[in-house]
Protein chains: 2
Amino acid sequence: MSKILQTVEKEFLEYVKKMTHLNEAVGLMYWDLRTGAPKKGVSQRSEVIGTLSADVFSMSTSEQMKSYIDELCQEQVYSSLSDVTKKTLEEVKKEYERNTKIPPEEFKEYVILQSKAESVWEEAREQSDFAMFQPYLEKLVDFNKRFIGYWGYEGNKYNTLLDMYEPGVTVDIIDATFSKLRDRIVPLLQKITEAGKPEASFLFEQFPKEKQKEFSLKVLKEMGYDFRAGRLDETVHPFAIGLNPGDVRVTTRYVESDFRTAVFGTIHEGGHALYEQNLSEELVGTPLSTGTSMGIHESQSLFWENFVGRNRGFWKHHYASLKKYAGTQFDQVDLDTFYKAINIVEPSFIRIEADEMTYALHIIVRYEIEKGLFNDEIEVRDLPRIWNEKMQEYLGVTPENDSQGVLQDVHWSGGSFGYFPSYALGYIYAAQLKQALVQDLPEFDELLEKGELNPIQKWLSRNIHQYGKMKKPMEILQDVTGEGLNPDYLIRYFEEKYSSIFSL
Amino acid sequence: MSKILQTVEKEFLEYVKKMTHLNEAVGLMYWDLRTGAPKKGVSQRSEVIGTLSADVFSMSTSEQMKSYIDELCQEQVYSSLSDVTKKTLEEVKKEYERNTKIPPEEFKEYVILQSKAESVWEEAREQSDFAMFQPYLEKLVDFNKRFIGYWGYEGNKYNTLLDMYEPGVTVDIIDATFSKLRDRIVPLLQKITEAGKPEASFLFEQFPKEKQKEFSLKVLKEMGYDFRAGRLDETVHPFAIGLNPGDVRVTTRYVESDFRTAVFGTIHEGGHALYEQNLSEELVGTPLSTGTSMGIHESQSLFWENFVGRNRGFWKHHYASLKKYAGTQFDQVDLDTFYKAINIVEPSFIRIEADEMTYALHIIVRYEIEKGLFNDEIEVRDLPRIWNEKMQEYLGVTPENDSQGVLQDVHWSGGSFGYFPSYALGYIYAAQLKQALVQDLPEFDELLEKGELNPIQKWLSRNIHQYGKMKKPMEILQDVTGEGLNPDYLIRYFEEKYSSIFSL
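This report concerns the structure included in the present document. Because the structure is predicted, anything quoted here is derived from the model rather than measured.

Reading guide: rules and limits
Residues numbered from 1 in each chain as written. Chains lettered and ligands numbered in written order. Predicted model: local features only at pLDDT ≥ 70, side-chain atom pairs only at ≥ 80, totals over all residues. Heavy atoms only, no water. Least-squares fit on C-alpha atoms with pLDDT ≥ 70 in both. Contact = heavy atoms within 4.5 Å. Pairing = 2+ DSSP bridges. Helix = DSSP H or I, 4+ residues; strand = E, 2+ residues; numbered from the N terminus. Axes fitted to C-alpha atoms, helices over the stretch in contact; angles between N-to-C directions. Expected span 1.5 Å × (residues − 1). Salt bridge = Lys/Arg side-chain N within 4 Å of Asp/Glu carboxyl O. Polar contact = N/O pair within 3.5 Å; in protein donor to acceptor, adjacent residues only side chain to side chain. Nonpolar A, V, L, I, M, F, W, Y, C, P; charged D, E, K, R; others polar. Bend = angle between axes of the 7 residues up to and from the residue. Buried < 20%, exposed > 50% of the residue type's maximum accessible area, 1.4 Å probe, protein only. 1 Å grid on protein atoms, 1.4 Å probe; cavity = no way out; pocket = protein on both sides within 12 Å on 5 of 7 lines; lining within 4 Å. Points joined across faces, edges and corners; volume = space filled by probe spheres on them. Phe/Tyr/Trp six-rings, centres within 6.5 Å; stacked < 30°, edge-to-face > 60°. Lys NZ or Arg CZ within 6 Å of the ring centre and 35° of its normal.

Rotating chain B by 180 degrees and moving it 0.0 Å along the rotation axis overlays it on chain A with an RMSD of 0.0 Å. Expressed as a symmetry operation, the mapping of one chain copy onto the other fits a two-fold axis. For chain B, the minimum C-alpha distance to the rotation axis belongs to Ala25 of chain B and amounts to 3.3 Å. Interface overlap between copies: 100% of the residues of chain B at the interface are likewise at the interface in chain A, consistent with a symmetric, same-surface contact.

Here we take up the sheet that holds strand E3 (residues 247-252) of chain B. Residue and element names in this part refer to chain B. The 3 strands lie next to each other as E1-E3-E2, forming an open sheet whose pairing is mixed. Unpaired on one side and paired on the other, strand E1 (232-234) and strand E2 (240-244) mark the two borders of the sheet. The average undirected angle you get between the axes of adjacent strands in this sheet is 25 degrees. Across the face of the sheet, helix H1 (residues 3-35) comes into contact with E1, E2 and E3 while running at roughly 145 degrees to E2.

This part covers helix H5 (residues 83-100) of chain B. In an α-helix, one turn spans 3.6 residues; hence positions three or four apart end up facing the same way. Between its terminal C-alpha atoms H5 of chain B stretches 26 Å, which fits the 26 Å expected from 18 residues at 1.5 Å a residue. For H5 of chain B, the elements touching its buried residues are H1, helix H2 (42-60), helix H3 (63-72), helix H4 (75-79) and helix H20 (473-481) of chain B.

Attention now goes to the interface of chain B and chain A. Contact residues are listed per partner, giving 35 residues for chain B and 35 residues for chain A. The interface formed by chain B and chain A includes 12 salt bridges. Counting every contact that joins chain B to chain A gives 22 residue pairs in polar contact (both at pLDDT 80 or more). Every element with two or more residues in the side of chain B that touches chain A is listed here: H1, H2, E2 and E3 of chain B. If one sorts the elements of the side of chain B that touches chain A by residue count, H1 of chain B sits on top with 11 residues. The class makeup of the residues in the side of chain B that touches chain A is 12 nonpolar, 9 polar and 14 charged.

Residues and elements named next belong to chain A. The end-to-end C-alpha distance of helix H7 (residues 130-151), which contains 22 residues, comes to 30 Å, matching closely the 32 Å that a straight helix rising 1.5 Å per residue would cover. Maximal helix bending in H7 amounts to about 25 degrees, located at Tyr136. Every buried residue of H7 is accounted for by Phe130, Phe133, Gln134, Tyr136, Leu137, Leu140, Val141, Phe143, Asn144, Phe147, Ile148 and Trp151. Buried-residue contacts for H7 involve helix H5 (83-100), helix H6 (104-127), helix H8 (157-165), helix H15 (358-374) and helix H16 (383-395). Near the N-terminus of H7, the side chain that reaches the backbone nitrogen of Ala131, with its oxygen 3.2 Å away, is that of Asp129.

What follows is about the side chain of Thr251 of chain A. Residues and elements named next belong to chain A. Looking at the element boundaries, Thr251 is found in strand E3 (residues 247-252). A polar side-chain atom of Thr251 sits 2.7 Å from a polar atom in the side chain of Thr235. Contacts of Thr251, omitting those with residues within four sequence positions, involve Trp31, Thr35, Leu232, Asp233, Thr235, His237, Pro238, Phe239 and Glu269.

Another aspect to go through is empty space enclosed by the protein. All chains considered together, the criterion is met by 2 cavities of 30 Å³ or more. Size it by volume and the largest cavity reaches roughly 70 Å³. Around the largest cavity sit Trp121, Phe133, Arg366, Trp387, Val406, Leu407, Asp409, His411, Trp412, Ser413 and Phe420 of chain A, which together line it. Each residue belonging to the lining of the largest cavity can be placed in one class, and the counts come to 7 nonpolar, 2 polar and 2 charged. Taken as a whole, the second largest cavity holds about 30 Å³ of empty space. Lining of the second largest cavity is provided by Arg366, Trp387, Val406, Asp409, Trp412 and Phe420 of chain B. Taken together, the residues of the lining of the second largest cavity sort by class into 4 nonpolar, no polar and 2 charged.

Here the focus is the pairing of E2 of chain B. All names here are of chain B. Sheet topology places E2 next to E3; 4 bridges connect them, and they run antiparallel. Looking at the pairing, Asn244 lines up with Asp247 of E3. Linkage of E2 to E3, two consecutive antiparallel strands, is achieved through a turn of 2 residues.

We now examine the packing of aromatic side chains. Any aromatic ring pair is given by two values, namely how distant the centres are and how the planes are angled relative to each other. A full pass over the atoms with the stated rule returns 80 aromatic pairs over all chains. For the ring pair Phe264 of chain B and Trp315 of chain B, a centre distance of 6.3 Å and an interplane angle of 65 degrees mean the geometry is edge-to-face. Taken as a pair, Phe264 of chain B in helix H11 (residues 260-277) and Trp315 of chain B in helix H13 (residues 312-326) lie far apart in primary sequence, 51 residues in all. Assigned by exposure class, Phe264 of chain B and Trp315 of chain B land together as buried. In this arrangement the basic side chain of Arg249 of chain A is found over the ring face of Trp31 of chain A, its NZ or CZ atom lying 4.3 Å from the centre. Lying across the ring of Phe143 of chain B, Arg146 of chain B places its NZ or CZ 4.6 Å from the centre.

What follows is the structure, given as structure tokens:
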């Protein structure tokens, strides 16, 4: 490569690094707003976030960016670039094309609509009044249909939306996967429901917040979460945020009458955090320094929450300790009763409160609706009816009103279509990755029984975390498991686990 | 004004607003680094701060900025601008000229030297080895001498440095003021020392941190600090930071064996914070939205710390409450004994541990040295000797080593010359403002006795805080007190207070 082109590559990487710096500042302001920023400063802080975000957006769509892309993507030049530069280029090019294909005026209108729609949705949900939200949702869907027009699509219009969250995963793949999953979970769920609900009232006794926190911190530490590169705070809606691999923060929520919120919430967010803490250092300062997709990210949080946190061996080791923190709550409860109680499966209306098995059905309802909307097979005005019908068909329950039904999630009000499938994909990936992990660490259950989580964390970091966006989700899956998306492992996990727990 | 020029004014204000937004983001990152950011993320976060700060610097010295200044400073245009725009223009013009007059290469060299010098100073202080720091300090002084050459000066070279921290205050003014102060404090100090040290051992008993925090929060609230626009955190070095008037944060430090650190520290930082919380809303988004100078800012913190927090009436009201928080520590101590103990005057080596009276002498030592350095009357290599001589002359004590002497402060290692006088000016201003306040609120002492601090806070906000940088320090002083800088009020305060306490 010529000296001049080496300089271009270097300048390009500096340019991109500056964008990551602005994003890191925005990330910290976001975290601060949620963990304790004074109320009176919020509107001004939002303006600051707006300024920095606009800067990043304009850098991503600038003439300068275009010229970097054009120069570096020339065939002979491209082949001489480092792998990190190549992948970075791929990311910013995709972003450039996505952002510049929409006419600026139209995009501005859309941004205004988004923020309006979110506040209307909030009120509509409160009043359980879908009609109030309907015209906004219609407009949001229309905008996205037009965007798909600008962006183009392959095979199915909805693929273009999926691609934003889970590149490489298409309607064809999801259809095959989700229908198999649905067809096997639905009858299993019926059997479990018929088996009757196990004893669980002991879960809901008073567990002091401070003690929950101590236990949560202890588990986080055992998972391998590095407190020199993170911290645990309290928020209404728990989240994990990676500002850089040396600063990955976790938040949780404490409900004194239900310790599960904090404990499983912390393990879940801790799973996300381990991903961000263990990204390769060489990716810092590029857009590759984060999880490769929503779905793979979710696979990490769900792996820890369910395959570790709801595993019998894990509690064989931790139950005595939990009892100590809790006081007398579990004195009369043996391990098996406890294990059964934290694995209750029960159809319910609200996605974020669902157990690990019914959760996938909640997602399938949303996926089928979104796919229908963008293929002109479903009209927005029919959503409440269609939602309730699908809930009845798959989960056997019908929401009593729209705030328990079609209005429960924030996603659509922000124009996020194509996002929901990632959650279910996360479950499927997690089960596949677990299978591969057990090949390498056949003593998986014994490790949990001994409280030795370190080899598990190391395996995940080595096989998944370190790569960041250097590998696409399907590449990760193929490299680690030797196959593509396959729901069989998740199905088998459900069938074996719940047959055993509920003696089906 | 023509349409085109109205557009230029508007664009200019938008441009400046963006700079304040970047500064606000930097401010939050700074606060976060000091209050709990994970250690492993610090170096990456420092890069982010560097990127945003460089952006602000390059905006302040850009061609764009020059063209705004040129266009808007044309006589006919200027006169038609709003007052806020005029003052903003004045600020950015000063900044532009200061920053562009230094050749970029030289400035870059200086920035590198600064950061190197700070870490060398840290080690030199630890090892009490001035020789180690000397070559760096010499270079820092040389750079600043050359900068004064670029910037120009009036009357005295040191005036140019003073102007950065306390515009309008010159060597002539300070000489007259400080010498009068020194000549009156030194003999007073001798008399107090001869009177013997009052009983104070009860100050140093164990006072639980949590209880100190509760008391500190209570006092902050009574001062009028708005917790919807702020928060109190813990740091090694306490500070207050105004991100915007709706988000002004205070930190403090708890020493369980000396409650004074937290209580007086919180009141001091609270005084700074009240300034920033009560800036006029119309200044937000301009560089005018902060205290008008270091000295006036310090006058606010010192007013609260000393004129309120070390006032007998204040403790007449609060002593019972302090006793409750403290446990048994003060059970055998009456109010007068307590009041005497928190007003002990005693010569010591370290500026930041000095009492309100000897503090000014510490500053005068530094001022005389800085003035000598920049007028080629003192050589860096002679500093340890000169420092110790002056300490002996004014305070009657000679430091045992350089880390207790000339190496104790960080300021010079960062190239901050001309900063120190602001601290003593703060004391002088505070006493002058107190005098004016008592004219309007003759019941000042009774208000403190009743715990009614609200009228005091309102008076300060109305007369000082709201203006931000719309008024220069000397304008504030003149408008509020009807005169210029005058040390008599501070001298009288010391003489009356300490004659009474120590029955001189």
